[in-house]
Amino acid sequence: MRKAQEYLDSAEDNLVLERLTVASGDAVHAGICAKDAVVTALSGATGKTKDHSRAARELRDVLGGRSVAADAERSLRQLVSAKSEIEYGTGLMSEAKAETLVRRARTLVSTAKDIVVLRR
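Residues numbered from 1 in each chain as written. Predicted model: local features only at pLDDT ≥ 70, side-chain atom pairs only at ≥ 80, totals over all residues. Heavy atoms only, no water.

The next subject is the overall build of the protein. Counting its secondary structure elements, the protein contains five helices and zero strands. Scaling as 2.2 N^0.38, a compact globule of 120 residues should have a C-alpha radius of gyration of about 14 Å, and the protein matches this with 13 Å. Its C-alpha atoms give the protein principal-axis dimensions of roughly 40 × 25 × 20 Å. Burial analysis of the protein (120 residues in total) assigns 43% to the buried set. Restricting to contacts in the protein with at least 6 residues of sequence separation, those with at least 24 account for 61%. If you sum the accessible surface of the protein, you get close to 6600 Å²; carbon and sulfur atoms cover 49% of it. Each charge sign in the protein was given a centre, from 20 positive and 17 negative side chains, and these centres are 6 Å apart. (Helix = DSSP H or I, 4+ residues; strand = E, 2+ residues; numbered from the N terminus. Rg over C-alpha atoms; globule rule 2.2 N^0.38 Å. Buried < 20%, exposed > 50% of the residue type's maximum accessible area, 1.4 Å probe, protein only. Contact = heavy atoms within 4.5 Å. Areas by Shrake-Rupley, 256 points an atom, 1.4 Å probe, with all protein chains shown as cover. Lys, Arg positive; Asp, Glu negative; His and termini not counted. Charge placed at Lys NZ, Arg CZ, Asp CG, Glu CD.)

Here's what the structure looks like:
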């Protein structure tokens with residue numbers, strides 16, 4: 001959970017400083033760490049796989065019928081779908097795309113806080 005928050009803080013700082021690609025990468029890592037925190041808190045362990053679409057399904061499955069399940073899955077899917085472009089692409093992220101990714105990371109970190117820290 002702490003790692004997710006650190007990545008989110010960094011993403012937000014980099015967004016303000018207009019380092020949009022770095023902000024986007026930090027947002028992706030914040031989301032993945034938040035997912036790991038949620039899944040571990042609710043199931044006792046999390047899968048470590050390079051197939052990030054499975055990570056989104058894993059998150060949805062463990063959240064079950066919670067009201068945040070669909071939004072959390074959608075947020076993680078959007079983040080991980082941008083991962084290759086951010087890390088291996090030759091272009092830089094636009095402000096609109098970076099802002100969207102940071103917002104998605106905020107959603108996931110907030111969900112993780114509710115579950116891991118506040119035990120909701």
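Right, picking up where we left off after that structure.
Our focus in this paragraph is helix H2 (residues 20–43). Given a rise of 1.5 Å per residue, 24 residues ought to cover 34 Å, and the 34 Å separating the end C-alpha atoms of H2 matches this to within 8%. At the C-terminal side of H2, glycine 44 shows a positive phi close to 95°. (Expected span 1.5 Å × (residues − 1).)

For the structure on display, the rule yields 10 salt bridges. Glutamate 12 is the salt-bridge partner of arginine 106, the closest N and O atoms lying 2.6 Å from each other. One end of the pair, arginine 106, is in helix H5 (residues 95–117); the other, glutamate 12, is in helix H1 (residues 2–16), with 94 residues separating them in the sequence. For the salt bridge of glutamate 58 with lysine 35, the shortest nitrogen-to-oxygen distance reads 2.6 Å. Here lysine 35 lies in helix H2 and glutamate 58 lies in helix H3 (residues 52–63), a separation of 23 residues in the sequence. Residue lysine 35 is classed as buried on the basis of its relative accessible area of 3%. It is possible to trace a salt-bridge network through shared partners that takes in Lys35, Asp36 and Glu58. (Salt bridge = Lys/Arg side-chain N within 4 Å of Asp/Glu carboxyl O.)

Time to look at the side chain of threonine 111. With respect to the secondary-structure elements, threonine 111 resides in helix H5. Its relative accessible area of 9% is what places threonine 111 among the buried residues.

The subject of this paragraph is the nonpolar core. Ala27, Leu59, Leu63, Leu76, Leu79, Val102 and Leu108 are the most contacted members of the largest nonpolar core, which totals 34 residues. Every element with two or more residues in this core is listed here: H1, H2, H3, helix H4 (69–88) and H5. For leucine 76, the contacting residues outside a window of four places in its chain are Gly31, Ile32, Lys35, Ala55, Ala56, Leu59 and Leu108. (Core = buried A, V, L, I, M, F, W, Y, C linked by side-chain atoms within 4.5 Å.)

A few words on unusual backbone geometry. One non-glycine residue, glutamate 18, lies in positive phi territory at about 65°. Mapped onto the secondary structure, glutamate 18 falls in the loop between H1 and H2. A relative accessible area of 64% places glutamate 18 in the exposed class.

Geometric values such as these leave the question of function open.
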